[in-house]
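Understanding the architecture of this molecule
Each chain, letter by letter, is given below.
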Amino acid sequence: MSSEALVEGPNGVLAAWETEGQVQFARVDTKSGKIGAIVRAPGVGRGRKHPVLAVNRAGEVLLAWTEGTGWQRGGALAWQLYDAAGRPTEVKGRVEGGIPVWGLAAAVANADGSFTLIH
């Protein structure tokens, strides 16, 4: 079991989801409902779940997700920052044990353009 995320940014609506242990996101055309190019989290996806998104005023996207979580089991928190064109930047990270049992993460775009991850 996993979850999904929907956020609205300056360039439209973004959706994130998990498929077969990998998380990804894409822009959604709000008029047609069609999904644009899918952007996958970097690296090999194994046990990635529960994606969250935040978009700042510049259109940068923070994608965060859990790794290794399960029934009565916490796991790691990982993230990747993408530029407004959907290209990964050098900003990424992972915290072992960042997600407690039954926990999830939340992402917030701050007024100054930075991001906050809550876990």
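The rules behind these values
- Residues numbered from 1 in each chain as written.
- Predicted model: local features only at pLDDT ≥ 70, side-chain atom pairs only at ≥ 80, totals over all residues.
- Heavy atoms only, no water.
- Salt bridge = Lys/Arg side-chain N within 4 Å of Asp/Glu carboxyl O.
- Buried < 20%, exposed > 50% of the residue type's maximum accessible area, 1.4 Å probe, protein only.
- Helix = DSSP H or I, 4+ residues; strand = E, 2+ residues; numbered from the N terminus.
- Pairing = 2+ DSSP bridges.

**Some words on the pattern of salt bridges**
Per the counting criterion, the structure on display carries four salt bridges. The salt bridge partner of aspartate 83 is arginine 87, with a shortest N-O separation of 3.0 Å. Residue classification places arginine 87 among the exposed residues on the basis of a relative accessible area of 52%. Arginine 94 serves as the salt-bridge partner of glutamate 96, at 1.9 Å between the closest nitrogen and oxygen. A relative accessible area of 42% means that arginine 94 is categorised as partly exposed. A single network of salt bridges, built from pairs that share partners, joins Arg48, Glu67, Arg94 and Glu96.

**Examining unusual backbone geometry**
Even without a glycine there, the phi angle at histidine 50 is positive, about 50°. Within the element layout of this structure, histidine 50 appears in strand S5 (residues 48-55). By relative accessible area, which is 15% here, histidine 50 ends up buried. Look at tryptophan 102: it is not a glycine, yet its phi comes out positive at around 65°. With respect to the helices and strands, tryptophan 102 occurs in the loop between strand S8 (88-99) and strand S9 (106-109). Here tryptophan 102 falls in the exposed class, since its relative accessible area comes to 55%.

**Here's the deal with the sheet that holds strand S3 (residues 22-28)**
If you walk across this open sheet you meet the four strands as S1-S2-S3-S4, and the pairing is antiparallel. The open sheet terminates on both sides in strands that have one partner only, identified here as strand S1 (5-9) and strand S4 (39-40). In this sheet, S4 lies alongside S3 in antiparallel orientation, the contact comprising two bridges. Bridge assignment links glutamine 24 to a residue of S4, and that residue is arginine 40.

All we've got here are geometric facts, nothing functional implied.
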